[in-house]
Amino acid sequence: MNLQLAIRLLRETCALHHTALNTEKSYVRCLRHYAAFLKNPQPKPLVSTEEKIEAFLTKVALAGVSVSTQNQAFNALLFFYRYALKQQLGNINALRAKRPAVLRYCPAREETLQLLTHVTDVHGYPTRLIVHLLYACGLRVCEPLNLRIKDLDLKSRRLHIHQSKGNKGPCRAFP
């Protein structure tokens, strides 16, 4: 198939599925890389589509890209074959990039208390209150910045959070 025709078909399919413009651009970029890979001679002849995709993804993984880049390439090709070409794919067993092990740091209770005691208000702005709300109620940074007096319910010990991430609920109890 002609590359320009494949790209046009991919763009039309992305428009039909209402994908984001950035997703469409990245899928087209992945398709171009895949087409360039297929033009190069391979040491072993690749017969099936699954073998071609496996070889491409393995090459991408060996190039040292991040896991998300390889997953994006895989999803772009899967979308192209499944929705644009209407061709179902079998198992694809490619070498996958590994996520690096990340050690998370959690401060000890003493460190947290020491941090909370050293926070001071800045230029009349209630910085201490905001930091204590962040810590005690588990709020995100933007949530206490949008609080109003009427969002505080002292009788039932509730704090009303508006437009929280994922609309996870209007109230949070505070200690």
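Residues numbered from 1 in each chain as written. Predicted model: local features only at pLDDT ≥ 70, side-chain atom pairs only at ≥ 80, totals over all residues. Heavy atoms only, no water.

Q: Account for the overall build of the chain, with residues named and values stated.
A: Counting its secondary structure elements, the chain contains seven helices and three strands. Ordered by position from the N terminus, the helices and strands of the chain form the series α-α-α-α-α-α-α-β-β-β. For 175 residues, the compact-globule formula gives about 16 Å, and the C-alpha radius of gyration of the chain, at 26 Å, lies well above that figure. Taken along the three principal axes of its C-alpha coordinates, the chain extends 70 × 35 × 30 Å. Split into buried and exposed, the 175 residues of the chain put 29% on the buried side. Between the centroid of the 26 positive side chains of the chain and the centroid of its 11 negative side chains there is a distance of 4 Å. (Helix = DSSP H or I, 4+ residues; strand = E, 2+ residues; numbered from the N terminus. Rg over C-alpha atoms; globule rule 2.2 N^0.38 Å. Buried < 20%, exposed > 50% of the residue type's maximum accessible area, 1.4 Å probe, protein only. Lys, Arg positive; Asp, Glu negative; His and termini not counted. Charge placed at Lys NZ, Arg CZ, Asp CG, Glu CD.)

Q: Describe in detail the pattern of salt bridges, supporting the description with residues and values.
A: Under the defined criterion, the tally for this structure stands at three salt bridges. Salt-bridge contacts for Glu 12 lead to Arg 8; the nearest nitrogen and oxygen are separated by 3.4 Å. With Glu 12 and Arg 8 both in helix H1 (residues 3-16) and four residues apart, this pair spans about one turn of that helix. Among the residues examined, Glu 12 registers a relative accessible area of 41% and is labelled partly exposed. (Salt bridge = Lys/Arg side-chain N within 4 Å of Asp/Glu carboxyl O.)

Q: Quick rundown of the side chain of Thr 49? Include the residues and the values.
A: Within the fold, Thr 49 resides in helix H3 (residues 49-62). Beyond its immediate stretch of four places on either side in the chain, Thr 49 contacts Tyr 34, Tyr 81, Gln 87 and Leu 89. (Contact = heavy atoms within 4.5 Å.)

Q: Describe a nonpolar patch on the surface, naming the residues involved and giving the relevant values.
A: A surface patch of nonpolar side chains, amounting to about 310 Å² of accessible area, comprises Tyr 125, Val 141 and Leu 145. Considering the arrangement of structural elements, one finds Val 141 in the loop between helix H6 (127-137) and helix H7 (142-145). (Patch = residues over 30% accessible without salt bridge, like charges linked within 9 Å, V, L, I, M, F, W, Y side chains within 5 Å. Areas by Shrake-Rupley, 256 points an atom, 1.4 Å probe, with all protein chains shown as cover.)

Q: Residues and numbers for the environment of Ser 164, please.
A: Among the structural elements, Ser 164 can be located in the loop between strand S2 (158-160) and strand S3 (171-173). Spatially, the C-alpha atoms of Ser 164 and Arg 148 are 14 Å apart, while their sequence positions differ by 16 residues.

Q: Provide a residue-level description of the packing of aromatic side chains, including the pertinent values.
A: Scanning all chains against the criterion turns up six aromatic pairs. Seen from their ring centres, Tyr 34 and Tyr 81 are 6.4 Å apart, and the 85° between their planes marks the pair as edge-to-face. Of this pair, Tyr 34 sits in helix H2 (residues 21-39) while Tyr 81 sits in helix H4 (residues 67-84), and the two are 47 residues apart along the sequence. What makes Tyr 34 buried here is its relative accessible area of 2%. Taken together, the aromatic side chains of Tyr 34, Phe 37, Phe 56, Phe 80 and Tyr 81 make up a single cluster linked through ring pairs. (Phe/Tyr/Trp six-rings, centres within 6.5 Å; stacked < 30°, edge-to-face > 60°.)

Q: So what's going on with unusual backbone geometry? Residues and values would help.
A: Positive phi, normally seen in glycine, also occurs at Lys 86, with a value near 55°. As for its placement among the helices and strands, Lys 86 is situated in the loop between H4 and helix H5 (109-118). With a phi close to 50°, His 123 is a non-glycine residue in the positive phi region. By secondary structure assignment, the location of His 123 is in the loop between H5 and H6. The exposure class assigned to His 123 is exposed, which follows from its relative accessible area of 82%.

Q: Describe the environment of Arg 32, with residues and values.
A: For Arg 32, the location among the structural elements is in helix H2. What makes Arg 32 partly exposed here is its relative accessible area of 39%. Between the alpha carbons of Arg 32 and Val 119 there is a distance of 52 Å; along the sequence they are 87 residues apart. Dropping the residues within four chain positions of it, Arg 32 is found in contact with Gln 4 and Ile 7.

Q: Requested: an account of the packing of H3 against H4, with residues and values cited.
A: Interaxial distance between H3 and H4 falls to 10 Å at its minimum, and their mutual angle equals 160°. One way to sum up the angle between H3 and H4 is to call them roughly antiparallel. Crossing of H3 against H4: the hand is right-handed. Within the contact between the two elements, H3 uses Thr 49, Ile 53, Phe 56, Leu 57, Val 60 and Ala 61 and H4 uses Gln 70, Ala 73, Phe 74, Leu 77 and Tyr 81. Here the contact of H3 with H4 is composed, by residue class, of nine nonpolar, two polar and no charged. (Axes fitted to C-alpha atoms, helices over the stretch in contact; angles between N-to-C directions. Parallel < 35°, antiparallel > 145°, perpendicular 65-115°, else oblique. Left-handed = near helix turned anticlockwise from the far one by under 90°. Nonpolar A, V, L, I, M, F, W, Y, C, P; charged D, E, K, R; others polar.)

Taken by themselves, the reported measurements are silent on function.
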